[in-house]
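Chains, contacts and geometry: an overview
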Protein chains: 4
Amino acid sequence: MTKINYQDIIQDQMPVSKKLLTTYYKLGLHETELILLLQLSRFADEGNHFPTPFELAQSGSFSEEQAASMLRKLVQKGFLSIEKNDSEKTPISESYSLEPLLEKLYDEDVSVITRDEENIGNIFIL
Amino acid sequence: MTKINYQDIIQDQMPVSKKLLTTYYKLGLHETELILLLQLSRFADEGNHFPTPFELAQSGSFSEEQAASMLRKLVQKGFLSIEKNDSEKTPISESYSLEPLLEKLYDEDVSVITRDEENIGNIFIL
Amino acid sequence: MTKINYQDIIQDQMPVSKKLLTTYYKLGLHETELILLLQLSRFADEGNHFPTPFELAQSGSFSEEQAASMLRKLVQKGFLSIEKNDSEKTPISESYSLEPLLEKLYDEDVSVITRDEENIGNIFIL
Amino acid sequence: MTKINYQDIIQDQMPVSKKLLTTYYKLGLHETELILLLQLSRFADEGNHFPTPFELAQSGSFSEEQAASMLRKLVQKGFLSIEKNDSEKTPISESYSLEPLLEKLYDEDVSVITRDEENIGNIFIL
(Lines give C-alpha, C1' and ligand atoms only; values in the text may rest on other atoms or scores of the structure.)
Protein backbone atom coordinates (compact mmCIF):
# COMPACT_ATOMS: atom_id res chain seq x y z
CA MET A 1 0.00 0.00 0.00
CA THR A 2 1.32 3.41 -0.97
CA LYS A 3 1.99 5.90 1.77
CA ILE A 4 -0.27 8.91 2.01
CA ASN A 5 1.35 12.24 1.25
CA TYR A 6 0.42 14.74 3.97
CA GLN A 7 1.57 17.67 1.86
CA ASP A 8 -0.90 16.74 -0.87
CA ILE A 9 -3.80 16.70 1.58
CA ILE A 10 -2.84 20.08 3.05
CA GLN A 11 -2.35 21.67 -0.37
CA ASP A 12 -5.70 20.29 -1.52
CA GLN A 13 -7.51 22.68 0.82
CA MET A 14 -8.70 26.11 -0.24
CA PRO A 15 -10.30 28.81 1.95
CA VAL A 16 -14.09 29.20 1.85
CA SER A 17 -16.01 31.86 3.78
CA LYS A 18 -18.18 30.48 6.58
CA LYS A 19 -20.33 33.62 6.39
CA LEU A 20 -20.99 32.81 2.72
CA LEU A 21 -22.26 29.36 3.73
CA THR A 22 -24.52 30.93 6.36
CA THR A 23 -25.90 33.73 4.19
CA TYR A 24 -25.88 32.64 0.51
CA TYR A 25 -29.59 31.87 0.47
CA LYS A 26 -30.49 35.17 2.16
CA LEU A 27 -28.28 36.95 -0.38
CA GLY A 28 -30.37 35.42 -3.17
CA LEU A 29 -28.11 32.56 -4.26
CA HIS A 30 -29.23 29.00 -4.94
CA GLU A 31 -27.09 25.95 -4.04
CA THR A 32 -25.94 25.39 -7.64
CA GLU A 33 -24.96 29.05 -8.01
CA LEU A 34 -22.99 28.83 -4.76
CA ILE A 35 -21.14 25.77 -6.05
CA LEU A 36 -20.38 27.61 -9.31
CA LEU A 37 -18.86 30.49 -7.31
CA LEU A 38 -16.78 28.00 -5.30
CA GLN A 39 -15.62 26.42 -8.58
CA LEU A 40 -14.49 29.86 -9.82
CA SER A 41 -12.55 30.22 -6.58
CA ARG A 42 -11.03 26.76 -7.08
CA PHE A 43 -9.99 27.47 -10.68
CA ALA A 44 -8.44 30.79 -9.58
CA ASP A 45 -6.55 28.94 -6.84
CA GLU A 46 -5.11 26.69 -9.56
CA GLY A 47 -4.14 29.66 -11.74
CA ASN A 48 -7.08 29.65 -14.20
CA HIS A 49 -8.84 32.98 -13.67
CA PHE A 50 -11.25 32.71 -16.58
CA PRO A 51 -12.54 29.12 -16.85
CA THR A 52 -14.98 28.45 -19.69
CA PRO A 53 -18.57 27.29 -19.13
CA PHE A 54 -17.41 23.94 -20.53
CA GLU A 55 -14.68 23.63 -17.89
CA LEU A 56 -17.12 24.65 -15.14
CA ALA A 57 -19.71 22.09 -16.27
CA GLN A 58 -17.15 19.26 -16.17
CA SER A 59 -17.56 18.54 -12.48
CA GLY A 60 -21.22 19.30 -11.75
CA SER A 61 -24.77 18.22 -12.57
CA PHE A 62 -25.30 21.22 -14.86
CA SER A 63 -24.60 21.62 -18.58
CA GLU A 64 -22.26 24.02 -20.36
CA GLU A 65 -25.28 26.17 -21.38
CA GLN A 66 -26.57 26.26 -17.79
CA ALA A 67 -23.10 27.27 -16.56
CA ALA A 68 -22.99 30.13 -19.11
CA SER A 69 -26.47 31.26 -18.11
CA MET A 70 -25.65 31.17 -14.39
CA LEU A 71 -22.45 33.17 -14.95
CA ARG A 72 -24.45 35.85 -16.80
CA LYS A 73 -27.02 36.02 -13.98
CA LEU A 74 -24.33 36.20 -11.29
CA VAL A 75 -22.73 39.17 -13.08
CA GLN A 76 -26.13 40.88 -13.50
CA LYS A 77 -27.05 40.36 -9.84
CA GLY A 78 -23.72 41.85 -8.74
CA PHE A 79 -22.03 38.77 -7.26
CA LEU A 80 -19.35 38.49 -9.91
CA SER A 81 -17.43 40.90 -12.14
CA ILE A 82 -15.26 40.48 -15.18
CA GLU A 83 -11.94 42.29 -15.00
CA LYS A 84 -10.02 43.29 -18.11
CA ASN A 85 -6.30 42.98 -17.69
CA ASP A 86 -4.67 45.12 -20.36
CA SER A 87 -1.04 44.90 -19.37
CA GLU A 88 1.47 45.81 -22.02
CA LYS A 89 3.23 42.52 -22.37
CA THR A 90 0.33 40.19 -23.17
CA PRO A 91 -2.83 40.28 -25.27
CA ILE A 92 -5.85 41.58 -23.37
CA SER A 93 -7.03 38.87 -20.99
CA GLU A 94 -10.13 38.64 -18.83
CA SER A 95 -10.63 37.22 -15.39
CA TYR A 96 -13.57 36.67 -13.05
CA SER A 97 -13.43 38.53 -9.77
CA LEU A 98 -15.31 37.40 -6.65
CA GLU A 99 -14.66 40.80 -5.03
CA PRO A 100 -18.32 41.93 -5.44
CA LEU A 101 -19.47 38.82 -3.53
CA LEU A 102 -16.91 39.43 -0.78
CA GLU A 103 -18.01 43.08 -0.51
CA LYS A 104 -21.58 41.89 -0.02
CA LEU A 105 -20.29 39.62 2.77
CA TYR A 106 -17.86 41.90 4.56
CA ASP A 107 -18.73 45.57 3.98
CA GLU A 108 -20.17 47.08 7.14
CA ASP A 109 -23.41 48.52 5.70
CA VAL A 110 -24.44 45.25 4.16
CA SER A 111 -23.76 43.25 7.29
CA VAL A 112 -25.91 45.69 9.26
CA ILE A 113 -28.80 45.11 6.88
CA THR A 114 -28.31 41.38 7.15
CA ARG A 115 -28.44 41.61 10.90
CA ASP A 116 -31.73 43.51 10.72
CA GLU A 117 -33.22 40.91 8.43
CA GLU A 118 -32.23 38.26 10.93
CA ASN A 119 -34.05 40.12 13.67
CA ILE A 120 -37.17 40.33 11.56
CA GLY A 121 -36.80 36.63 10.89
CA ASN A 122 -36.53 35.93 14.58
CA ILE A 123 -39.70 37.86 15.36
CA PHE A 124 -41.70 35.72 12.99
CA ILE A 125 -40.16 32.50 14.28
CA LEU A 126 -40.81 33.47 17.91
CA MET B 1 -17.65 54.40 8.29
CA THR B 2 -16.42 51.59 10.54
CA LYS B 3 -13.00 50.13 9.88
CA ILE B 4 -12.83 46.62 8.54
CA ASN B 5 -11.33 44.06 10.89
CA TYR B 6 -8.78 41.95 8.99
CA GLN B 7 -8.72 39.32 11.71
CA ASP B 8 -12.47 38.73 11.28
CA ILE B 9 -12.07 38.15 7.54
CA ILE B 10 -9.20 35.71 8.03
CA GLN B 11 -11.01 33.81 10.78
CA ASP B 12 -14.13 33.60 8.62
CA GLN B 13 -12.37 31.20 6.24
CA MET B 14 -12.54 27.42 6.62
CA PRO B 15 -10.67 24.79 4.58
CA VAL B 16 -12.55 23.02 1.78
CA SER B 17 -11.06 20.26 -0.38
CA LYS B 18 -10.50 21.23 -4.02
CA LYS B 19 -10.59 17.55 -4.97
CA LEU B 20 -14.06 17.35 -3.42
CA LEU B 21 -15.21 20.21 -5.67
CA THR B 22 -13.76 18.44 -8.71
CA THR B 23 -15.10 14.97 -7.94
CA TYR B 24 -18.35 15.27 -5.94
CA TYR B 25 -20.56 14.60 -8.94
CA LYS B 26 -18.49 11.59 -10.03
CA LEU B 27 -18.67 10.31 -6.44
CA GLY B 28 -22.48 10.40 -6.66
CA LEU B 29 -23.22 13.63 -4.80
CA HIS B 30 -25.64 16.34 -5.92
CA GLU B 31 -24.97 20.08 -5.39
CA THR B 32 -27.37 20.33 -2.43
CA GLU B 33 -25.81 17.28 -0.77
CA LEU B 34 -22.37 18.82 -1.24
CA ILE B 35 -23.54 22.05 0.41
CA LEU B 36 -25.01 20.03 3.31
CA LEU B 37 -21.62 18.35 3.82
CA LEU B 38 -19.90 21.76 3.77
CA GLN B 39 -22.43 23.02 6.33
CA LEU B 40 -21.56 20.07 8.60
CA SER B 41 -17.92 21.06 8.23
CA ARG B 42 -18.80 24.69 9.07
CA PHE B 43 -20.79 23.73 12.17
CA ALA B 44 -17.93 21.48 13.34
CA ASP B 45 -15.52 24.38 12.81
CA GLU B 46 -17.73 26.44 15.12
CA GLY B 47 -17.84 23.69 17.75
CA ASN B 48 -21.25 22.16 16.96
CA HIS B 49 -20.50 18.57 15.90
CA PHE B 50 -24.10 17.38 15.72
CA PRO B 51 -26.29 20.12 14.20
CA THR B 52 -29.99 19.29 13.90
CA PRO B 53 -31.81 19.13 10.56
CA PHE B 54 -33.53 22.35 11.65
CA GLU B 55 -30.21 24.13 12.13
CA LEU B 56 -28.95 22.82 8.78
CA ALA B 57 -32.10 23.98 6.96
CA GLN B 58 -31.73 27.53 8.35
CA SER B 59 -29.34 28.73 5.67
CA GLY B 60 -30.38 26.82 2.54
CA SER B 61 -33.23 26.34 0.07
CA PHE B 62 -34.17 22.99 1.62
CA SER B 63 -36.55 22.18 4.48
CA GLU B 64 -35.86 20.53 7.82
CA GLU B 65 -37.39 17.29 6.49
CA GLN B 66 -35.25 17.38 3.35
CA ALA B 67 -32.14 17.97 5.49
CA ALA B 68 -33.01 14.93 7.65
CA SER B 69 -33.61 12.80 4.56
CA MET B 70 -30.34 13.90 2.95
CA LEU B 71 -28.39 13.15 6.15
CA ARG B 72 -29.86 9.62 6.20
CA LYS B 73 -28.93 9.05 2.56
CA LEU B 74 -25.40 10.38 3.06
CA VAL B 75 -24.87 7.94 5.93
CA GLN B 76 -26.32 5.05 3.86
CA LYS B 77 -24.13 5.87 0.86
CA GLY B 78 -21.02 5.96 3.07
CA PHE B 79 -20.15 9.65 2.90
CA LEU B 80 -20.93 10.38 6.53
CA SER B 81 -20.79 8.51 9.80
CA ILE B 82 -22.19 9.11 13.24
CA GLU B 83 -19.67 8.70 16.04
CA LYS B 84 -20.72 7.94 19.61
CA ASN B 85 -18.58 9.68 22.17
CA ASP B 86 -18.99 7.82 25.44
CA SER B 87 -16.45 9.56 27.58
CA GLU B 88 -16.82 9.14 31.31
CA LYS B 89 -17.43 12.72 32.28
CA THR B 90 -20.43 13.61 30.09
CA PRO B 91 -23.65 11.94 28.94
CA ILE B 92 -23.26 10.03 25.67
CA SER B 93 -23.07 12.50 22.82
CA GLU B 94 -23.09 11.97 19.09
CA SER B 95 -21.19 13.74 16.34
CA TYR B 96 -21.08 13.61 12.55
CA SER B 97 -17.77 12.58 11.03
CA LEU B 98 -16.73 13.50 7.48
CA GLU B 99 -13.89 10.95 7.66
CA PRO B 100 -15.68 8.49 5.28
CA LEU B 101 -15.92 11.25 2.66
CA LEU B 102 -12.25 12.17 3.10
CA GLU B 103 -11.27 8.50 2.78
CA LYS B 104 -13.14 8.35 -0.52
CA LEU B 105 -11.17 11.40 -1.63
CA TYR B 106 -7.68 10.57 -0.38
CA ASP B 107 -7.23 6.81 -0.02
CA GLU B 108 -4.99 5.46 -2.77
CA ASP B 109 -7.28 2.75 -4.19
CA VAL B 110 -10.14 5.17 -4.66
CA SER B 111 -8.03 7.80 -6.33
CA VAL B 112 -6.70 5.18 -8.75
CA ILE B 113 -10.25 4.26 -9.71
CA THR B 114 -11.09 7.91 -10.16
CA ARG B 115 -8.12 8.37 -12.44
CA ASP B 116 -9.30 5.42 -14.56
CA GLU B 117 -12.74 6.90 -14.83
CA GLU B 118 -11.21 10.13 -16.00
CA ASN B 119 -9.32 8.30 -18.71
CA ILE B 120 -12.49 6.60 -19.87
CA GLY B 121 -14.13 10.01 -19.90
CA ASN B 122 -11.33 11.41 -21.97
CA ILE B 123 -11.63 8.65 -24.54
CA PHE B 124 -15.28 9.51 -25.11
CA ILE B 125 -14.57 13.23 -25.28
CA LEU B 126 -11.70 12.74 -27.73
CA MET C 1 -0.85 0.43 12.81
CA THR C 2 -3.58 2.95 13.47
CA LYS C 3 -5.23 4.63 10.52
CA ILE C 4 -4.49 8.29 10.01
CA ASN C 5 -7.41 10.65 10.49
CA TYR C 6 -7.57 13.10 7.57
CA GLN C 7 -9.91 15.41 9.47
CA ASP C 8 -7.32 15.84 12.23
CA ILE C 9 -4.63 16.84 9.74
CA ILE C 10 -6.90 19.37 8.03
CA GLN C 11 -8.09 20.85 11.33
CA ASP C 12 -4.50 21.13 12.52
CA GLN C 13 -3.82 23.89 9.97
CA MET C 14 -4.22 27.58 10.75
CA PRO C 15 -3.88 30.52 8.34
CA VAL C 16 -0.62 32.50 8.34
CA SER C 17 0.03 35.55 6.18
CA LYS C 18 2.62 35.01 3.44
CA LYS C 19 3.23 38.77 3.36
CA LEU C 20 4.12 38.60 7.07
CA LEU C 21 6.74 35.95 6.32
CA THR C 22 8.17 38.12 3.53
CA THR C 23 8.20 41.41 5.44
CA TYR C 24 8.58 40.69 9.17
CA TYR C 25 12.26 41.57 9.21
CA LYS C 26 11.72 44.78 7.25
CA LEU C 27 8.92 45.66 9.68
CA GLY C 28 11.40 45.37 12.56
CA LEU C 29 10.56 41.92 13.91
CA HIS C 30 13.06 39.23 14.85
CA GLU C 31 12.44 35.51 14.22
CA THR C 32 11.58 34.78 17.86
CA GLU C 33 9.14 37.71 17.96
CA LEU C 34 7.50 36.43 14.78
CA ILE C 35 7.09 32.98 16.34
CA LEU C 36 5.58 34.58 19.45
CA LEU C 37 3.01 36.38 17.28
CA LEU C 38 2.21 33.09 15.51
CA GLN C 39 1.79 31.43 18.91
CA LEU C 40 -0.71 34.15 19.92
CA SER C 41 -2.58 33.40 16.70
CA ARG C 42 -2.50 29.66 17.48
CA PHE C 43 -3.80 30.16 21.03
CA ALA C 44 -6.59 32.41 19.71
CA ASP C 45 -7.49 29.73 17.15
CA GLU C 46 -7.86 27.31 20.06
CA GLY C 47 -10.03 29.74 22.03
CA ASN C 48 -7.41 31.15 24.42
CA HIS C 49 -7.22 34.87 23.61
CA PHE C 50 -4.96 35.86 26.49
CA PRO C 51 -2.27 33.20 27.00
CA THR C 52 0.16 33.85 29.84
CA PRO C 53 3.91 34.28 29.31
CA PHE C 54 4.26 30.87 30.97
CA GLU C 55 1.97 29.23 28.42
CA LEU C 56 3.80 30.97 25.56
CA ALA C 57 7.20 29.84 26.82
CA GLN C 58 6.09 26.19 26.99
CA SER C 59 6.82 25.43 23.34
CA GLY C 60 9.83 27.62 22.49
CA SER C 61 13.47 28.22 23.34
CA PHE C 62 12.63 31.33 25.37
CA SER C 63 11.79 31.66 29.08
CA GLU C 64 8.63 32.98 30.71
CA GLU C 65 10.44 36.25 31.50
CA GLN C 66 11.61 36.64 27.91
CA ALA C 67 8.06 35.98 26.65
CA ALA C 68 6.72 38.71 28.98
CA SER C 69 9.41 41.13 27.85
CA MET C 70 8.75 40.41 24.15
CA LEU C 71 5.00 40.91 24.63
CA ARG C 72 5.66 44.31 26.21
CA LYS C 73 7.95 45.33 23.36
CA LEU C 74 5.49 44.16 20.72
CA VAL C 75 2.76 46.30 22.29
CA GLN C 76 5.11 49.31 22.53
CA LYS C 77 6.21 48.96 18.89
CA GLY C 78 2.57 48.80 17.75
CA PHE C 79 2.37 45.19 16.54
CA LEU C 80 0.02 44.01 19.24
CA SER C 81 -2.76 45.53 21.31
CA ILE C 82 -4.61 44.46 24.42
CA GLU C 83 -8.39 44.69 24.14
CA LYS C 84 -10.61 45.01 27.19
CA ASN C 85 -13.83 43.09 26.85
CA ASP C 86 -16.28 44.56 29.35
CA SER C 87 -19.45 42.74 28.44
CA GLU C 88 -22.19 42.74 31.05
CA LYS C 89 -22.40 39.04 31.71
CA THR C 90 -18.79 38.23 32.64
CA PRO C 91 -16.00 39.79 34.68
CA ILE C 92 -13.76 42.09 32.61
CA SER C 93 -11.47 39.97 30.46
CA GLU C 94 -8.55 40.93 28.29
CA SER C 95 -7.43 39.57 24.96
CA TYR C 96 -4.49 40.13 22.62
CA SER C 97 -5.36 41.50 19.20
CA LEU C 98 -3.13 41.05 16.15
CA GLU C 99 -5.11 43.71 14.28
CA PRO C 100 -2.29 46.33 14.56
CA LEU C 101 0.08 43.86 12.86
CA LEU C 102 -2.45 43.11 10.11
CA GLU C 103 -2.99 46.85 9.55
CA LYS C 104 0.75 47.24 9.08
CA LEU C 105 0.59 44.45 6.49
CA TYR C 106 -2.56 45.33 4.59
CA ASP C 107 -3.36 49.05 4.87
CA GLU C 108 -2.65 50.87 1.64
CA ASP C 109 -0.37 53.62 2.95
CA VAL C 110 1.91 51.19 4.70
CA SER C 111 2.22 48.91 1.70
CA VAL C 112 3.15 51.94 -0.41
CA ILE C 113 5.94 52.79 2.02
CA THR C 114 7.09 49.19 2.00
CA ARG C 115 7.24 49.25 -1.77
CA ASP C 116 9.37 52.40 -1.66
CA GLU C 117 11.73 50.81 0.80
CA GLU C 118 12.06 47.88 -1.52
CA ASN C 119 13.02 50.22 -4.34
CA ILE C 120 15.65 51.88 -2.19
CA GLY C 121 16.90 48.45 -1.27
CA ASN C 122 17.09 47.49 -4.92
CA ILE C 123 19.10 50.60 -5.76
CA PHE C 124 21.71 49.66 -3.21
CA ILE C 125 21.83 46.07 -4.32
CA LEU C 126 22.11 46.99 -7.99
CA MET D 1 -8.18 56.22 -0.08
CA THR D 2 -8.01 53.01 -2.06
CA LYS D 3 -10.46 50.28 -1.24
CA ILE D 4 -9.08 47.12 0.34
CA ASN D 5 -9.27 44.01 -1.79
CA TYR D 6 -10.70 41.16 0.31
CA GLN D 7 -9.59 38.55 -2.20
CA ASP D 8 -5.95 39.65 -1.78
CA ILE D 9 -6.14 39.26 1.99
CA ILE D 10 -7.68 35.79 1.74
CA GLN D 11 -5.20 34.63 -0.89
CA ASP D 12 -2.33 35.95 1.23
CA GLN D 13 -2.94 33.21 3.82
CA MET D 14 -1.19 29.85 3.74
CA PRO D 15 -1.80 26.85 6.02
CA VAL D 16 0.61 26.26 8.92
CA SER D 17 0.39 23.31 11.30
CA LYS D 18 -0.60 24.22 14.85
CA LYS D 19 1.04 21.02 16.09
CA LEU D 20 4.30 22.18 14.50
CA LEU D 21 4.09 25.42 16.49
CA THR D 22 3.48 23.45 19.69
CA THR D 23 6.18 20.83 19.17
CA TYR D 24 9.02 22.32 17.07
CA TYR D 25 11.26 22.89 20.07
CA LYS D 26 10.66 19.38 21.44
CA LEU D 27 11.42 18.02 17.96
CA GLY D 28 14.80 19.74 18.10
CA LEU D 29 14.15 22.82 15.97
CA HIS D 30 15.16 26.37 16.85
CA GLU D 31 12.99 29.43 16.04
CA THR D 32 15.11 30.44 13.04
CA GLU D 33 15.00 26.90 11.64
CA LEU D 34 11.23 26.86 12.05
CA ILE D 35 10.95 30.15 10.14
CA LEU D 36 13.17 28.72 7.38
CA LEU D 37 10.83 25.72 7.06
CA LEU D 38 7.84 28.09 6.89
CA GLN D 39 9.65 30.08 4.19
CA LEU D 40 10.13 26.88 2.16
CA SER D 41 6.41 26.27 2.52
CA ARG D 42 5.68 29.84 1.39
CA PHE D 43 7.94 29.59 -1.67
CA ALA D 44 6.32 26.27 -2.61
CA ASP D 45 2.90 27.89 -2.26
CA GLU D 46 4.05 30.51 -4.76
CA GLY D 47 5.35 27.87 -7.17
CA ASN D 48 9.07 27.98 -6.31
CA HIS D 49 9.90 24.51 -4.98
CA PHE D 50 13.66 24.98 -4.77
CA PRO D 51 14.46 28.49 -3.51
CA THR D 52 18.16 29.34 -3.22
CA PRO D 53 19.84 30.24 0.10
CA PHE D 54 20.04 33.78 -1.29
CA GLU D 55 16.28 33.94 -1.83
CA LEU D 56 15.67 32.49 1.64
CA ALA D 57 17.98 35.01 3.29
CA GLN D 58 16.19 37.95 1.64
CA SER D 59 13.47 38.24 4.27
CA GLY D 60 15.16 37.19 7.52
CA SER D 61 17.90 38.15 9.95
CA PHE D 62 20.20 35.40 8.66
CA SER D 63 22.74 35.47 5.83
CA GLU D 64 22.88 33.40 2.63
CA GLU D 65 25.62 31.24 4.18
CA GLN D 66 23.59 30.67 7.34
CA ALA D 67 20.56 29.71 5.23
CA ALA D 68 22.65 27.17 3.30
CA SER D 69 24.04 25.73 6.53
CA MET D 70 20.59 25.46 8.11
CA LEU D 71 19.21 23.70 5.01
CA ARG D 72 22.01 21.16 5.20
CA LYS D 73 21.36 20.52 8.89
CA LEU D 74 17.60 20.18 8.36
CA VAL D 75 18.22 17.53 5.69
CA GLN D 76 20.70 15.70 7.94
CA LYS D 77 18.34 15.73 10.92
CA GLY D 78 15.54 14.33 8.77
CA PHE D 79 13.17 17.32 8.66
CA LEU D 80 13.61 18.02 4.98
CA SER D 81 14.34 16.01 1.87
CA ILE D 82 15.41 16.89 -1.64
CA GLU D 83 13.34 15.24 -4.35
CA LYS D 84 14.68 14.71 -7.85
CA ASN D 85 12.04 15.18 -10.50
CA ASP D 86 13.29 13.42 -13.64
CA SER D 87 10.26 13.71 -15.85
CA GLU D 88 10.83 13.22 -19.55
CA LYS D 89 9.83 16.62 -20.79
CA THR D 90 12.13 18.88 -18.74
CA PRO D 91 15.74 18.87 -17.53
CA ILE D 92 16.16 17.22 -14.13
CA SER D 93 14.89 19.58 -11.45
CA GLU D 94 15.07 19.40 -7.69
CA SER D 95 12.58 20.41 -5.05
CA TYR D 96 12.48 20.54 -1.27
CA SER D 97 9.90 18.33 0.38
CA LEU D 98 8.51 18.98 3.87
CA GLU D 99 7.03 15.49 3.96
CA PRO D 100 9.66 14.20 6.47
CA LEU D 101 8.66 16.99 8.86
CA LEU D 102 4.95 16.23 8.44
CA GLU D 103 5.62 12.52 9.06
CA LYS D 104 7.32 13.45 12.32
CA LEU D 105 4.21 15.45 13.22
CA TYR D 106 1.43 13.14 12.10
CA ASP D 107 2.62 9.52 12.05
CA GLU D 108 1.07 7.63 14.95
CA ASP D 109 4.22 6.21 16.58
CA VAL D 110 5.86 9.60 16.80
CA SER D 111 2.84 11.30 18.29
CA VAL D 112 2.66 8.58 20.95
CA ILE D 113 6.27 9.24 21.91
CA THR D 114 5.57 12.97 22.05
CA ARG D 115 2.66 12.39 24.37
CA ASP D 116 4.88 10.35 26.71
CA GLU D 117 7.47 13.09 26.76
CA GLU D 118 4.79 15.56 27.68
CA ASN D 119 3.78 13.42 30.62
CA ILE D 120 7.37 13.17 31.79
CA GLY D 121 7.62 16.92 31.42
CA ASN D 122 4.52 17.41 33.52
CA ILE D 123 5.86 15.23 36.30
CA PHE D 124 8.97 17.36 36.58
CA ILE D 125 7.05 20.59 36.46
CA LEU D 126 4.57 19.43 39.11
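In case you missed it, the structure is sitting above this.
As a starting point, this report considers the structure included with it. (Residues numbered from 1 in each chain as written. Chains lettered and ligands numbered in written order. Predicted model: local features only at pLDDT ≥ 70, side-chain atom pairs only at ≥ 80, totals over all residues. Heavy atoms only, no water.)

**Things to note about the side chain of Ser-81 of chain C**
Residues and elements named next belong to chain C. To keep it simple, the criterion reads: Only DSSP runs of H or I covering at least 4 residues are called helices, and only runs of E covering at least 2 are called strands; the numbering of each starts at the N terminus. Burial here depends on accessible area, computed with a 1.4 Å probe over protein chains only, as a share of the maximum for the residue type. Under 20% is buried, over 50% is exposed, and the range in between is partly exposed. Whenever two N or O atoms come within 3.5 Å, that pair is a polar contact, provided that in protein one can donate a hydrogen and the other can accept it, and provided that, for residues adjacent in sequence, both atoms are side-chain atoms.
As for its placement among the helices and strands, Ser-81 is situated in strand E2 (residues 81-85). The buried category is assigned to Ser-81, whose relative accessible area is 18%. Here the side chain of Ser-81 touches Glu-83 through a polar contact of 2.9 Å, side chain to side chain.

**Notes on the relation of the copies chain B and chain A**
This is how it is decided: Here the copies are superposed with least squares, the fitted atoms being C-alpha atoms of residues at a pLDDT of at least 70 in both. Residues count as neighbours in contact if any of their non-hydrogen atoms are within 4.5 Å of one another.
Rotating chain B by 180° about the axis while translating it 0.0 Å along that axis superimposes it on chain A, leaving an RMSD of 0.0 Å. As the rotation angle and translation indicate, the two copies are arranged about a two-fold axis. Of every C-alpha in chain B, the one belonging to Pro-15 of chain B sits nearest the axis of rotation, 2.4 Å from it. When the interface residues of chain B are mapped onto chain A, 97% of them are again interface residues, pointing to one common binding face.

**Points about the interface of chain B and chain A**
Note the following rule: Joining two parts hides part of their accessible area as seen by a 1.4 Å probe, and the buried area is that hidden amount summed over both. Salt bridges are defined by distance alone: a side-chain nitrogen of Lys or Arg within 4 Å of a carboxyl oxygen of Asp or Glu.
Contact residues are listed per partner, giving 33 residues for chain B and 33 residues for chain A. A combined buried area of about 3300 Å² lies between chain B and chain A, and 59% of that area is made up of carbon and sulfur atoms. In terms of surface lost to chain A, no three residues of chain B exceed Asp-12, Lys-18 and Leu-21 of chain B, which account for 20% of the buried area on that side. Between the two partners, chain B and chain A, sit 2 salt bridges. Inspection of the region where chain B meets chain A yields 22 residue pairs in polar contact (both at pLDDT 80 or more).

**Digging into helix H5 (residues 64-76) of chain C**
All names here are of chain C. To keep it simple, the criterion reads: Helix span, as expected, comes to 1.5 Å for every residue beyond the first. As used here, the arc belongs to the directions running from the helix axis to the C-beta atoms.
The first and last C-alpha atoms of H5 sit 19 Å apart over 13 residues, in line with the 18 Å expected at 1.5 Å per residue. Within H5 the residues assigned to the buried category are Ala-67, Met-70, Leu-71 and Leu-74. Projection of H5 onto a plane perpendicular to its axis shows the buried side chains occupying an angular sector of 105°, all on one side. Exposed and facing more than 90 degrees away from the buried side of H5 are Glu-65, Arg-72 and Gln-76. Looking at the buried side of H5, the elements it contacts are helix H3 (31-45), helix H4 (53-57) and strand E3 (93-97).

**Section: the packing of aromatic side chains**
To keep it simple, the criterion reads: The pairing test for Phe, Tyr and Trp rings, Trp by its six-membered ring, is centres within 6.5 Å, and the orientation test on the planes gives stacked under 30 degrees, edge-to-face over 60, and tilted for anything in between. A ring is scored as having a charge over it whenever the NZ atom of a lysine or the CZ atom of an arginine sits within 6 Å of its centre and within 35 degrees of its normal.
Tallied over the full model, the rule gives 8 aromatic pairs over all chains. Taken together, a centroid distance of 4.6 Å and an interplanar angle of 25° make the contact between Phe-50 of chain C and Tyr-96 of chain C stacked. A residue pair is termed long-range when its members are at least 10 positions apart, and Phe-50 of chain C in the loop between H3 and H4 and Tyr-96 of chain C in strand E3 qualify at 46 residues. Take Tyr-96 of chain C: its relative accessible area is 16%, and that puts it in the buried class. Of note, Arg-42 of chain B hangs over the ring of Phe-43 of chain B, and the distance from its end group to the ring centre comes to 4.4 Å.

**What about the environment of Gln-13 of chain A?**
If you trace the backbone, Gln-13 of chain A turns up in strand E1 (residues 13-17). Taking the C-alpha atoms as reference, Gln-13 of chain A lies 9.9 Å from Asp-45 of chain A; in sequence the two are 32 residues apart. Contacts of Gln-13 of chain A, omitting those with residues within four sequence positions, involve Pro-15, Val-16, Ser-17, Lys-18 and Tyr-106 of chain B together with Ile-10 of chain C. At a separation of 3.0 Å, a polar atom in the side chain of Gln-13 of chain A contacts the main-chain carbonyl oxygen of Ile-9 of chain A.

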